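Descriptive analysis of the structure
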There are 2 protein chains.
Amino acid sequence: MPDSIMMAPPADDEWREDCAPRRVLEIFASKWTSMILHALDARHGGTARTGVLLRSLPGISKKMLTQTLRDMEASGLVSRRVYGTVPPAVDYTLTPLGHRFVEPLELLYGWARRNADALDALTTQRTLRETSKTHG
Amino acid sequence: MPDSIMMAPPADDEWREDCAPRRVLEIFASKWTSMILHALDARHGGTARTGVLLRSLPGISKKMLTQTLRDMEASGLVSRRVYGTVPPAVDYTLTPLGHRFVEPLELLYGWARRNADALDALTTQRTLRETSKTHG
DNA sequence: GGACATAGATACCTGGAGGTAACCATGCCA
DNA sequence: TGGCATGGTTACCTCCAGGTATCTATGTCC
């Protein structure tokens, strides 16, 4: 066996559990956070009402939307504003902090759009199952 | 209430469930995939033995490592090579496809390192609990 | 003989993410 | 009177990612 493979020094000493790279992943840990961040940023002033968001994110449920938004509020990513009107109206706005997280998101999304072919090339389990006997 | 907020057109029509941005998120859906991708890339030729990876990723368990690696193999991100030696030796190499996914990762990780302060500013539930009464 | 290292397989368990559906309060409108 | 829309909340359920522990096989070394 090749020596070159044998000896591999523990290069990433600082790849600890609380390093920045690992922590940024937490943003993507909850399914909808990044998408809400994006959806908000896509609006004027990073503000949008609940219903608008609900309709902007195909597939999200009312519950998951509010739940995620509340978590994001607790994290300091968005601020919530309630209008005492009736029927009730609520909107959410990106905080300055929340705004900062838009950049890495767009970085990622941008790459994804430019590299859709790579994503297509990925043999997802799903795709695997569906394709398996299809042409074999 | 401000009109500007009321009328918000469904701007992201193509923000469908299978759009590129959404699909790229799947890479981060499984906890270790991105980190393994990075760890492999950090080696010469994107190749590393199981044990090396195990030690490179603090916190990962043997099971999760193999499991994730096998999933990645099925997705076409890495290739597995077994040496008929004893004790057994196995190594994994980034495929060309796998290599392509390193870029967005590093994009993200790079941002994270440069913006550690933003990550610190995030009021994680964790941090919230630990800090709550600490200095208040 | 027994420990260690190699790379796994396998059984087992659990938390919680994420989803569904029903309910609430209210005013408008037909 | 009943339906609709507003933004939630709540109860409930399921699934599986992710983790633990134990077992395999084999050769070397003490």
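In short, a report on the structure. Here, residues in each chain are numbered from 1, in the same order as that chain's written sequence. Just so you know, chain letters begin at A and ligand numbers begin at 1, following the order they were written in. Given that the model is predicted, a residue must reach a pLDDT of at least 70 before its local features are reported, and side-chain atom pairs must reach 80 or more before they are shown or counted; all residues, however, enter totals for whole chains, interfaces and linings. Values shown for side chains rest on all heavy atoms present in the structure; no hydrogens or waters enter the calculation.

Let us look at the pairing of strand E2 (residues 78-83) of chain B. All names here are of chain B. By the bridge criterion, six bridges tie E2 to strand E3 (residues 89-94) in an arrangement that is antiparallel. When the sheet's bridge partners are listed, Arg-81 is paired in E3 with Asp-91. Two successive antiparallel strands, E2 and E3, enclose a turn made up of five residues. We treat two strands as partners when DSSP finds at least two bridges between them. Where helices and strands are cited, they refer to DSSP runs of H or I of at least four residues and of E of at least two residues respectively, numbered from the N terminus.

The next thing to look at is the relation of the copies chain A and chain B. Residues reaching a pLDDT of at least 70 in both copies supply the C-alpha atoms on which the copies are superposed by least squares. Its rotation angle being 180 degrees, the transformation that places chain A on chain B also includes 0.0 Å of axial translation and leaves an RMSD of 0.0 Å. On the angle and the small slide along the axis, the relation comes out as a two-fold axis.

All names here are of chain B. Note on classification: 1.4 Å probe, protein chains only; a residue is buried when its accessible area is under 20% of the maximum for its type, exposed when over 50%, partly exposed between these limits. Within E3, six of the six residues are buried, leaving the element largely enclosed by the surrounding structure. Residues of E3 alternate between two faces, with Ala-89, Asp-91 and Thr-93 on one and Val-90, Tyr-92 and Leu-94 on the opposite face, all of them buried. One ladder, built from three bridges, connects strand E1 (residues 47-49) with E3; its direction is antiparallel. Bridging across to E3, Ala-48 finds its partner in Tyr-92.

Put simply, a residue is near a molecule or strand once any heavy atom of it comes within 4 Å of that molecule or strand. In the neighbourhood of DNA strand D, 22 residues make up the surrounding shell, with Thr-50, Thr-66 and Arg-80 of chain A together with Lys-31 and Lys-63 of chain B lying closest. The sugar-phosphate share of atoms of DNA strand D within 4 Å of the protein amounts to 63%. Two N or O atoms count as a polar contact when they lie within 3.5 Å, although within protein this holds only if one can serve as hydrogen donor and the other as acceptor, and sequence-adjacent residues are included solely when both atoms are side-chain atoms. Arg-49 of chain A places a polar side-chain atom, nitrogen or oxygen, 2.8 Å from a sugar or linking oxygen of DNA strand D. Among the secondary structure elements, those contributing two or more residues to the surface near DNA strand D are helix H4 (50-56), helix H5 (62-75) and strand E3 (89-94) of chain A together with helix H5 (62-75) of chain B. Considering every element that reaches the surface near DNA strand D, the biggest residue donor is H5 of chain A, with four residues. Polar here means any residue outside two lists: the nonpolar Ala, Val, Leu, Ile, Met, Phe, Trp, Tyr, Cys and Pro, and the charged Asp, Glu, Lys and Arg; Gly therefore counts as polar. Looking at side-chain class alone, the surface near DNA strand D contains nine nonpolar, five polar and eight charged residues.

Under the pairing criterion, centres of Phe, Tyr and Trp rings, with the six-membered ring standing for Trp, must be within 6.5 Å; the plane angle then separates stacked pairs below 30 degrees from edge-to-face pairs above 60, leaving the rest tilted. Scanning the model with the defined rule gives three aromatic pairs over all chains in all. With centroids separated by 5.2 Å and ring planes inclined at 25 degrees, the aromatic side chains of Phe-28 of chain A and Phe-28 of chain B adopt a geometry described as stacked. With Phe-28 of chain A in helix H2 (residues 20-29) and Phe-28 of chain B in helix H2 (residues 20-29), this residue pair bridges two chains. The exposure classification of Phe-28 of chain A matches that of Phe-28 of chain B, with both residues buried.

As a further point, take the protein's contact with DNA strand C. The environment of DNA strand C is made up of 22 residues, and the closest members are Lys-31 and Lys-63 of chain A together with Arg-49, Arg-80 and Val-90 of chain B. The sugar and phosphate moieties of DNA strand C supply 70% of its atoms located within 4 Å of the protein. Here a phosphate oxygen of DNA strand C and a side-chain polar atom of Trp-32 of chain A are 3.1 Å apart. Note that a sugar or linking oxygen of DNA strand C is positioned 2.8 Å from one of the side-chain N or O atoms of Arg-49 of chain B. Class assignment for the residues of the surface near DNA strand C results in nine nonpolar, five polar and eight charged.

What follows is about the side chain of Thr-33 of chain A. Residue and element names in this part refer to chain A. Structurally, the position occupied by Thr-33 is in helix H3 (residues 33-41). Overall, Thr-33 belongs to the buried group, its relative accessible area being 8%. Apart from residues no more than four positions distant in its own chain, Thr-33 is found in contact with Ile-27, Thr-68, Met-72 and Leu-77. Contacts: residue pairs with any heavy atoms within 4.5 Å of one another.

So, on to the interface of chain A and chain B. Contacts between chain A and chain B engage 64 residues on the former and 65 residues on the latter. Throughout, the accessible surface (probe 1.4 Å) given up by two parts as they are put together, summed over both, is called the buried area. Between chain A and chain B lies a buried interface of about 5800 Å² when both sides are counted; carbon and sulfur atoms form 65% of it. What makes a salt bridge here is a side-chain nitrogen of Lys or Arg within 4 Å of a carboxyl oxygen of Asp or Glu, nothing more. Scanning the region where chain A abuts chain B turns up four salt bridges. Between Arg-100 of chain A and Asp-117 of chain B there is a salt bridge, and its shortest N-O distance comes to 2.7 Å. The interface formed by chain A and chain B includes twelve residue pairs in polar contact (both at pLDDT 80 or more). Sort the elements by how many residues they give to the side of chain A that touches chain B and H2 of chain A lands first, with nine residues. When its residues are assigned to classes, the side of chain A that touches chain B shows 38 nonpolar, twelve polar and 14 charged.

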